[in-house]
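# A structural walkthrough
Here is how the chains run, residue by residue.
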Amino acid sequence: RSDCNVYVFNGDVADRGRNALEIFMLLTMYSLADPGSVFLNRGNHEDSFLTSVYGYRDECLLKYGREIGAYLYTISRELFNHLAVGCTIDAGPGRRYFVVHAGLPRHGESLKDIRAINFRREIPAPPQQGEEEIFFDCMWADPQDCSGVGSNVRGPHVTSFGPDVTKTFLKQSGIDLVIRSHAVPTTGRGYEWHH
């Protein structure tokens, strides 16, 4: 238990190496044992489609056999559908952060709008307008250098958001910084500043 250290795992635990199942279960147990210190956000890989394509389902079946492995995979999918889309960190005056796996909604929605969506389901793909787009963008969108909302190399429904979108979101939501982890930094390590 840690009264002074809080850990946020910001998605994409699934499909990340040979021990993704064990790591996900361990983090889940830690979050249950100490719910005030360990938080799990959802990433785009905590989804049935991606886990069936990128190896998480196969890992469950290969390690634990058809019956138990299928059961563990089903339980994992149910847990994925209950992970938070994001979280806020209040670290004192002028230090309020929004932690989300990928990005910001394409139509200028605020944190209040994100909190209102039904995230206890599969990630909608392709998303319909409204709540589905908000959910999808939180799982998939990336920052871009130019203003506005643009296309994204990740696919036809995935968007990129500009510095103006970030600025509007921060102001509407009373947030000072957005922290995301969807993309590996260009250096391959550490972090990168965007807008």
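One can find the structure itself at the top, above this paragraph.
Residues numbered from 1 in each chain as written. Predicted model: local features only at pLDDT ≥ 70, side-chain atom pairs only at ≥ 80, totals over all residues. Heavy atoms only, no water.

## Quick word on the sheet that holds strand β3 (residues 86-90)
Two pairing modes exist for strands in a sheet, parallel and antiparallel, and in both the strands are linked by backbone hydrogen bonds. With mixed pairing, 3 strands are arranged side by side in an open sheet as β3-β4-β8. Looking along the sheet, the strands with just one partner apiece sit at the ends: β3 and β8 (177-179). Averaged over all pairs of adjacent strands, the angle between their axes in this sheet comes to 25°, without regard to strand direction. (Pairing = 2+ DSSP bridges. Helix = DSSP H or I, 4+ residues; strand = E, 2+ residues; numbered from the N terminus. Axes fitted to C-alpha atoms, helices over the stretch in contact; angles between N-to-C directions.)

## A look at the sheet that holds strand β6 (residues 149-152)
Spatially, the 3 strands line up as an open sheet ordered β5-β7-β6, and their pairing is mixed. With partners counted over all chains shown, the strands left at the sheet margins are β5 (142-143) and β6, one partner each. Sheet analysis places β5 next to strand β7 (residues 155-161), joined by 2 bridges and oriented parallel. What sits directly across from Asp142, in β7, is Ser160. Packing against the sheet, helix α5 (residues 131-140) makes contact with β5, β6 and β7, and its axis sits at approximately 75° to β7. (Contact = heavy atoms within 4.5 Å.)

## A few points about the pairing of β3
Sheet analysis places β3 next to strand β4 (residues 96-100), joined by 5 bridges and oriented antiparallel. Across the sheet, residue Cys87 finds its bridge partner in β4, namely Val99.

Keep in mind these numbers describe shape, not what the thing actually does.
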